[in-house]
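Survey of secondary and tertiary structure
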Amino acid sequence: MRILFLNSNIPNYVTDGLFHGFYSMPDVTVVDVPRMNYMYTDASEEDLEKTGSKGNTLYGTLKEDKNAQGKRTYWQADIEQYDYVIFSDIFEQCDLFNFIYKSISPNRRKTLCVVDGYDSASIFPYFNFFLNLRIRPWAFLYSTQGAHYFKREFSNTGELYGVSKDRFLILNTIVSMFLQRPKNNFHPITMSIPEDRIEYCSFRNKTQDFINYNVDAQLNSLFPDRGVAELGKWQPAFKNQAEYCDEIRKSRFGITAKRAGWDCLRHYEYAALGAILCFKDLKSKSVLCAPLGLDETNCLPYTDKDDLLTKIKRKSVGELEAIQEAQYRWVEKYTTVKVAAGLLDKLLATKG
């Protein structure tokens, strides 16, 4: 299978994990345009510095297929040779998407795939609504009908079409009553983690309770030496990836919560090294929103500090080991290869 991976060269955990998965599949040839320098082993320090995690976990690990180099040149001439065309950043690529969408036959449009890894629960062009209205109002006339749209964040249909539940609750409720989410070719998508990052760490051998990184201000008293991480700001809590992984390996639990969006690479990194996710207000998340498949059987949902500490206290070591084991089974479903393969399965299911 041949995939053209059109990207904006802006790192994003969802699409970068997806690209890593495609690249790791022996029966898939994927060509990235432009070249995603930060994904390859020859990535410079500056390349890695510009990724969300400063080059950790997903980045700087792929050995480039030299055959891809020539395919990047005048890629437009070869577009009919690809089975699927991935657009990794619809906000930055909307004009390119529309050009290709209008240039190919209607029957070929089902080979186009938008992957929306943004924190917003709105689809394009309804996220960054006023910016789009001001700088490119024509984008509201663009159609994605027939193409596939993979969305990471989801709340309800009102939010999907740009009516914020937090700011316009009544209007959001009304819109959600009358509008339905797209049924055809609209799919959830999640972040993912390379399979070789998963390492079994015995729960009984862990030596401390919590990973020393906090994203819930209500739990500040549990982290006297570290304040809550500021939203949207890179605050390196560890010197390097090795120190970060060692911290997870020795910790029984890791705190997580909705930040800008619900999904976060942190979930997969913690689970991959056996730290049980303590997930604040997980029940508030839509089942269609990433991360998918988390519940009381494979993590510890909580509402506040007392609820969390009570749940931990009431669990026996055996019960916590069972949760950890279930969490390992969960994260094994979200390796980069399996998420990429799942996307291809959805595309192939509608190919005919």
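Just above sits the structure.
About the cut-offs
Residues numbered from 1 in each chain as written. Predicted model: local features only at pLDDT ≥ 70, side-chain atom pairs only at ≥ 80, totals over all residues. Heavy atoms only, no water. Core = buried A, V, L, I, M, F, W, Y, C linked by side-chain atoms within 4.5 Å. Buried < 20%, exposed > 50% of the residue type's maximum accessible area, 1.4 Å probe, protein only. Pairing = 2+ DSSP bridges. Helix = DSSP H or I, 4+ residues; strand = E, 2+ residues; numbered from the N terminus. Axes fitted to C-alpha atoms, helices over the stretch in contact; angles between N-to-C directions. Contact = heavy atoms within 4.5 Å.

Bringing the nonpolar core into the picture now. One finds L4, F19, F22, L112 and L343 to be the most contacted residues of the largest nonpolar core, which totals 84 residues. A257, Y302, I312 and L320 belong to the second-largest nonpolar core, a separate cluster that totals 17 residues.

Now for the sheet that holds strand β1 (residues 2-6). Strand order across the open sheet formed by 6 strands is β2-β1-β3-β4-β5-β6, with parallel pairing between neighbours. On the outer flanks of this sheet lie β2 (29-33) and β6 (186-188), each paired with one strand and no other. The sheet shows a mean angle of 20° between the axes of neighbouring strands, taken without regard to direction. Where strand β5 (residues 148-151) and β6 come together, 3 bridges link them in parallel fashion. Paired with K151 across the strands is P188, a residue of β6. Along the sheet face, helix α12 (residues 336-349) touches β1, β3 (84-87), β4 (112-116), β5 and β6 and points at about 150° away from the line of β5.

Negative phi characterises most residues that are not glycine, and trans characterises most peptide bonds. Here V33 and P34 are connected by a cis peptide whose omega angle stands at -10°. Mapped onto the secondary structure, P34 falls in the loop between β2 and α2 (45-49). That bond from F124 to P125 is cis: its omega, 10°, falls within 30 degrees of zero. Topologically, P125 is positioned in the loop between β4 and α5 (129-135). Phi at Y74 takes a positive value of approximately 45°, unusual for a residue other than glycine. Inspection of the secondary structure assignment puts Y74 in the loop between α3 (67-72) and β3. Unlike most non-glycine residues, N128 shows phi in positive territory, near 55°. Tracing the sequence through the fold places N128 in the loop between β4 and α5. Taking the relative accessible area as the measure of exposure, N128 reaches 40% and is therefore partly exposed.

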